[in-house]
Amino acid sequence: MKLNTNILSDCSNKYKRFIKNGKHYPYLFDSLIIVIILFLFVYPLFYCIAKSFTVDNEFSLGNYIKLMSDSTFLNSILITFLYVLLYTIGIMLVGFITALVIDKSEQLNLPGAKIFTAFLTLPYAIPDVVASLIWLWMLNPRRGVINYLLSYVANSETGWLTNSDLALISVLLVSIWRLFPMHTLIILAAFRTVPTSLYEAASIDGAALIKQFFYITLPSISNIMKFLLLLTIVWSFKRFTIIWFLTRGGPMHATETMSILIFKEAFKFFNRNYASAISVVLLVIVGVVSIFLLRYLRFQDGKKGV
Amino acid sequence: MQKIKTLNLYIYAMIFLMIIVIAFPLYWMVLTSFQSTTQATSYPPSLFFKSFSLEKMKWVITETKIIIWIMNSLLVSLGVVFMNLLVSVPAAYSIAKFRIKFNNILLLIVLVTQMIPQAIMVVPLFEIFKSLRLINNLFSVILANIILTLPLGTWILIGFFENIPTEIEEAAVIDGASRTMLFFKISLPLTYPAMITVAIITFFDAWNEYMYSYTYIHNQDKWVGTVGVASFIGQYLTDWQAIMVSSLLFSFAPMMIYIFFRKYIVRGVSEGFSKG
C-alpha cells in the first residue's frame, strides 16, 4: 500500500515538473492570437483614437468641440440608449416566454415538441440583410401584408418605417424577431442547469408552479441571466445592419443610433476624422456601461466576471 | 389527469400562436417567391398559394450574379471558419491549461474585443487594407471577420478544454507523451464536437456580415451575398418578388445548416453558458 502511494506521488511530481519545465510553452500557443489582436484590434483602435484628435493633419481637439454642439450627434446618443434599453427589455421578455413554453412542452413530452423548438428558433438562421428585406416588404405602406391584415381592423396606410413616431418601434420589433432565438436557447440551457431535486422537494412541500419559478428557477439561473444581460446590452450597442436597411437612420434621425451615424459620417460625408471622434465617444460609453454593469450585477463566479 | 390535459391544451395554443407570429415572415418570403409575378405583387395579396411559378427564380438566377455572390459568401465564410479555428484553438487550449498571469490578461483582451462596435473598426481597417493593397480582395473581408468571431469561439473552446480531466493528461505524460503529442493526440480529438459548434457559429456570423464586405469590396464580381442581395433594393426598387427570391436563395444555405446541425449549436450554447 505504501509503495503504491509513493509511485503515485512520484508520477504526480513528474507531471508537475513537466508543466514547470515548459514555461515558454504557453506563449507558443498564444502567438497567433497575439498577432491577430495586435494587427486587427490594437492598431486600428489606436489609429482611430489618433484620427479623432486630428484636424487638417494637425493635433486638435476640434472634432470633440464640434461634437458638443452637434445636435445630430446628441440625438444619436439618446436614440442609442433608447434602442438599447427597449431592445434589452423586449428580447429578454420574448426569450423568457419562448423558453418557458418550450421547456414546459418538452417536460410534458408533448408530441412534436422538438419540431416546435426548431420552428420557433428558425430566425436565427436568417441573415440580417434578408430579415430586413422581408420586413421591408411586409411593412410596405401601400402593398405590404401587415397593412393589409390591419385593414380588417382599421383602414390605414400606416408608414411603419416612414413615420418618425413608429420607426423606432418597427426597428425594435424586427431586431427582436431576428435575434431572440439565441436568447431562447441560452435561457433554455439555463433552465436545464437547475437540479430537478429542488423541484421535487418543492412539489412535495406543495409549492405551486409559479412559486417554484420565482423561488427556485430564477435564483438558480440568476448568474447566467446577468451574464446574458451584459452580453445583450454590449451587443445591442453594436447593432447596425438591421437598422441600416430598414430606415438608414431616418426618418428625421428617429432611428439614427451612433453606429449608423459613424458609418454615415465616414462613408457618406467622408468626414473620417469626425467619425473617429464619434467612435471614441461610443467606445467610452460602451466601456463605462460595461464596467458599471460588471460592478452592479455582482457576479458570484470569478470567471464570468472577467 | 384532467388538469394536465388542459395545461397541454394551453401550451399547444401558445405554441401555435408563437409559430404563426415567428414563422409568418419566412412563409411570406416563400409565398412571394414562388407565385406568378402578377399574383405575388397584386394588392390585396392572397394569404395562400393560388399559383405556383418558377419564372422569377429562373430570371434571378440567369439575369443576376446571385450564384457568384453566394459562392463568394461560401468562400469567405469557410475562410473565416478555418482562420478562426486556427487561431482560437491553440489560444483556448493555452488559456484553459496554463494558469499564468499573461493568459488572464489575454482572456480579458479577447473579451474586450467583443465589446467594440464594428462601426469603429471599419475605417481604420480600411486604411490598413488599403496600404496592404487588399481592397477589392476577399481576403480583407476574411481578416476583418476574424476579429468579430474570435471572442465567442475562443470562449466556447476554453470551456471545452477546461472540461478535459487533468488525469488524462497526467497519465499521458507519465507514459512519456511529449508536449506536442499532448495537444494533438489527447486534447484536440476530445474537443472535435466543440470545434464543430464553433465552426457553425462562425460560419453564421461570417455569412451574416455586411459592413466590412460592403466597404472593402467594390468589384461586382467579388461581392458577397449580403452586398449582392442588398443591391437589389437600389436596382429593382419595386420588384419585391426579385428581392424575395434572392433573399430566399441567399438564406437557403444557413437554413439547411441550422436544420441539420441544430444540436451542435444548442450544445455549444449550453456548454458555453452553463459553466456557472
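All values derive from a computational prediction rather than experimental measurement.

*Asks:* Sorry, what's going on with the overall build of chain B here?
*Replies:* For chain B, the helix and strand inventory stands at 13 helices and zero strands. Looking at chain B as a whole, 45% of its 276 residues qualify as buried. A separation of at least 24 residues holds for 77% of the contacts in chain B among residues at least 6 apart in sequence.

*Asks:* I tried to follow the overall build of chain A on my own but got confused; where do I start?
*Replies:* Within chain A, the secondary structure is distributed over 13 helices and two strands. Counting over 306 residues, chain A shows a buried share of 37%. Look at the contacts in chain A between residues 6 or more apart in sequence, and 68% of them connect residues 24 or more apart.

*Asks:* Explain the domain arrangement of chain B to me, please; I cannot follow it from the model alone.
*Replies:* Frequently, the measure chosen for interface size is the accessible area removed from exposure when the parts meet. Residues and elements named next belong to chain B. Looking at chain B, the domain boundaries give domain 1 (2-53) and domain 2 (61-273). Listed by contribution, the elements that provide at least two residues to the side of domain 1 that touches domain 2 are helix 1 (2-34) and helix 2 (37-40). In terms of residue count, the dominant contributor to the side of domain 1 that touches domain 2 is helix 1 (four residues). For the side of domain 1 that touches domain 2, the class distribution of residues is three nonpolar, four polar and no charged.

*Asks:* What should I look at first to understand the domain arrangement of chain A in this one?
*Replies:* All names here are of chain A. We note that the domain assignment places domain 1 (2-52) and domain 2 (70-297) within chain A. The distance between the C-alpha centroids of domain 1 and domain 2 comes to 37 Å. With four residues of domain 1 in contact, the opposing surface of domain 2 contributes six residues. For the side of domain 1 that touches domain 2, the residue count by class is two nonpolar, one polar and one charged.

*Asks:* What should I look at first to understand helix 6 (residues 118-131) of chain B in this one?
*Replies:* Two residues of an α-helix separated by three or four positions point the same way, owing to the 3.6 residues in each turn. Between the first and last C-alpha of helix 6 of chain B there are 20 Å, a value that for 14 residues agrees with the 20 Å anticipated at 1.5 Å per step. The buried count for helix 6 of chain B comes to ten of 14 residues, which makes it a mostly enclosed element. Turning to helix 6 of chain B, its buried residues are Q118(B), A119(B), I120(B), M121(B), V122(B), V123(B), P124(B), L125(B), F126(B) and F129(B). Where helix 6 of chain B is buried, its residues contact helix 2 (25-52), helix 12 (258-267) and helix 13 (272-297) of chain A together with helix 7 (138-163) and helix 11 (211-216) of chain B. Positive backbone phi, at 55 degrees, marks R133(B), one or two positions downstream of helix 6 of chain B.

*Asks:* Just to check I follow, could you spell out unusual backbone geometry for this structure?
*Replies:* Excluding glycine, a negative phi dihedral is what most residues carry, and trans is how most peptide bonds are arranged. Not every positive phi belongs to a glycine, and H253(A) is a case in point at roughly 65 degrees. Summarising the element assignment, H253(A) is placed in the loop between helix 11 (241-246) and helix 12. The backbone of N136(B) shows a phi angle near 75 degrees, a positive value even though the residue is not glycine. Among the secondary structure elements, N136(B) is positioned in the loop between helix 6 and helix 7.

*Asks:* Can you help me understand the interface of chain B and chain A in this one?
*Replies:* If you look at the interface, chain B gives 78 residues, while chain A gives 74 residues. Here the side of chain B that touches chain A takes 15 residues from helix 13 (residues 240-273) of chain B, the largest share from any one element.

*Asks:* What am I meant to see in the nonpolar core here?
*Replies:* Here is a general trend for soluble globular proteins: nonpolar side chains tend to be buried in one another's company. Judged by nonpolar contacts, the single largest core of 152 residues is most densely connected at L133(A), I134(A), L246(A), I262(A), V122(B), V141(B) and I146(B). Here this core takes 16 residues from helix 8 (residues 167-193) of chain A, the largest share from any one element. Leaving out residues up to four positions away in the same chain, V141(B) has contacts with V76(B), Y212(B), S213(B), Y216(B), I217(B) and V224(B).

*Asks:* Looking at this structure, I do not really get the confidence of the model for chain A. What am I missing?
*Replies:* As a general rule, the predicted coordinates of low-pLDDT regions are not to be interpreted in detail. Mean pLDDT over chain A stands at 84; residues scoring 70 or higher make up 90%. Across residues 302-306 of chain A, confidence stays below pLDDT 50; counting only partners more than four residues off in sequence or on other chains, it has eight contacts.

*Asks:* How should I be thinking about the environment of T154(B) in this particular structure?
*Replies:* Looking at where T154(B) falls in the secondary structure, it is placed in helix 7. Here the alpha-carbon distance between T154(B) and N84(B), two residues 70 residues apart in the chain, equals 8.8 Å.

*Asks:* Honestly, the packing of helix 2 of chain A against helix 13 of chain A in this entry has me stumped. Any pointers?
*Replies:* Packed helices, taken two at a time, are described by the angle their axes make and the gap between the axes. Residues and elements named next belong to chain A. Interaxial distance between helix 2 and helix 13 falls to 7 Å at its minimum, and their mutual angle equals 115 degrees. Between helix 2 and helix 13, the interaxial angle falls into the category roughly perpendicular. Between helix 2 and helix 13 the crossing geometry is left-handed. Residue-level contacts link C48, I49, K51 and S52 of helix 2 to R272, N273, S276, A277, S279 and V280 of helix 13.

*Asks:* Even after reading the chapter, I still don't get the environment of L190(B), so can you show me in this structure?
*Replies:* One can find L190(B) in helix 9 (residues 179-190). As for L190(B) and I164(B), which are separated by 26 residues in sequence, their C-alpha atoms are 7.7 Å apart.

*Asks:* How do you make sense of the environment of T191(B) when you look at a structure like this?
*Replies:* Residue and element names in this part refer to chain B. For T191, the location among the structural elements is in the loop between helix 9 and helix 10 (192-208). The buried category is assigned to T191, around which 22 C-beta atoms lie within 10 Å. Placed 30 residues apart in sequence, T191 and F161 show a C-alpha to C-alpha distance of 7.0 Å.

Each value, and the rule that gives it
Residues numbered from 1 in each chain as written. Chains lettered and ligands numbered in written order. Predicted model: local features only at pLDDT ≥ 70, side-chain atom pairs only at ≥ 80, totals over all residues. Helix = DSSP H or I, 4+ residues; strand = E, 2+ residues; numbered from the N terminus. Buried ≥ 20, exposed ≤ 12 C-beta atoms within 10 Å, placed from the backbone. Contact = placed C-beta atoms within 7 Å. Domains from an automatic or database assignment. Nonpolar A, V, L, I, M, F, W, Y, C, P; charged D, E, K, R; others polar. Expected span 1.5 Å × (residues − 1). Core = buried A, V, L, I, M, F, W, Y, C linked by C-beta atoms within 7 Å. pLDDT = per-residue confidence, 0-100. Axes fitted to C-alpha atoms, helices over the stretch in contact; angles between N-to-C directions. Parallel < 35°, antiparallel > 145°, perpendicular 65-115°, else oblique. Left-handed = near helix turned anticlockwise from the far one by under 90°.

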